[in-house]
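Here are the chains, one letter per residue:
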Amino acid sequence: MSIIHKGFIMSNIHKGFFKEMDLYQKQAALYFRNISEQCIHYLSLDCVVFGFHENQVKVLLLKWKGTQEWSLPGGFIRKKESVDDAAQRCLQERTGLKKIFLQHFENFGDIDRYDQKKTWEKTKLNLPRIKWSERTISIGYYALVEYSQVNPTPDFLTDECTWFSIDDIPTLLFDHNRIITVALQALRKQLPYLPIKHLLPSTFTMPELQKLYETILGRHLDTRNFHRKILATGIVEKLKKR
């Protein structure tokens, strides 16, 4: 069965979709109203979740409901919550993991971070009664996680949460492409001091570890020098052969 509207035929499937989106708009209005009451205004979190799978560095992204638009996971800071705790909470909800290794790497507070009007139009959130803050400063974190342990889970505003290769990141909402670029730069600079084991399973081979470093750095490393330097740091333990 179908209904006719202004000379077009609309199937019940499409009618159901629009009803669902209308309910979503109402729920979204309540969602943002609760955020306004419970969270610190003008501050947000954006998190770059790094994983390593099939010799590729990957980043976790979210697709907004009813759109083809993607963004980083993140959220807001509750009034009675530390910034670090807020980041852990947001990422636990997206990954299912507790006590994630997190590193603050940058704050994003440019006056014109992105075109707010065009960005919100892309999200298809029609919330005229919700007053958006004219400016939001974002606190950037990156996380190191073991790919196979993650259970990617979308949030209320999105319907898909999935991994993208660092080389195949699409054009993202807000200024999230820039945030990923800055996060990767920070990861490369801090790599010698990081517990890189968080990106790998509990046991791994030296070639696998070298490939991880090469993928992050974007260049080839001399095998003999790499093995010698890594063993000298004491960050890995050689297992006995069985």
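Here, every reference points to the structure presented above.
All of the points below concern the structure found in this document.

Conventions we followed
- Residues numbered from 1 in each chain as written.
- Predicted model: local features only at pLDDT ≥ 70, side-chain atom pairs only at ≥ 80, totals over all residues.
- Heavy atoms only, no water.
- Buried < 20%, exposed > 50% of the residue type's maximum accessible area, 1.4 Å probe, protein only.
- Helix = DSSP H or I, 4+ residues; strand = E, 2+ residues; numbered from the N terminus.
- Pairing = 2+ DSSP bridges.
- Phe/Tyr/Trp six-rings, centres within 6.5 Å; stacked < 30°, edge-to-face > 60°.
- Lys NZ or Arg CZ within 6 Å of the ring centre and 35° of its normal.

Quick look at the pairing of strand 3 (residues 43–53)
Inference 1: Burial analysis of strand 3 places nine of its eleven residues in the buried class, the great majority of the element.
Inference 2: Taken together, the eight bridges between strand 3 and strand 8 (residues 137–144) define a ladder with parallel strand orientation. Across the sheet, residue F50 finds its bridge partner in strand 8, namely L144.
Inference 3: Bridging between strand 3 and strand 6 (residues 74–75) involves two bridges; their strand directions are antiparallel. Bridge assignment links L45 to a residue of strand 6, and that residue is G75.
Inference 4: The loop that links strand 3 with its antiparallel partner strand 4 (residues 56–64) comprises two residues; one of these, E54, has a positive phi angle of about 50°.

Details of the packing of aromatic side chains
Inference 1: Applying the stated criterion across every chain yields a total of ten aromatic pairs.
Inference 2: Arranged with centres 5.1 Å apart and planes meeting at 85°, the rings of Y31 and F32 form a pair that is edge-to-face.
Inference 3: Judged by its relative accessible area of 27%, Y31 is partly exposed.
Inference 4: By the ring-pair criterion, three or more aromatic residues cluster together here, those being F50, F105, F108 and Y142.
Inference 5: For K65, the ring lying beneath its charged end belongs to F156, and the centroid distance is 4.8 Å.

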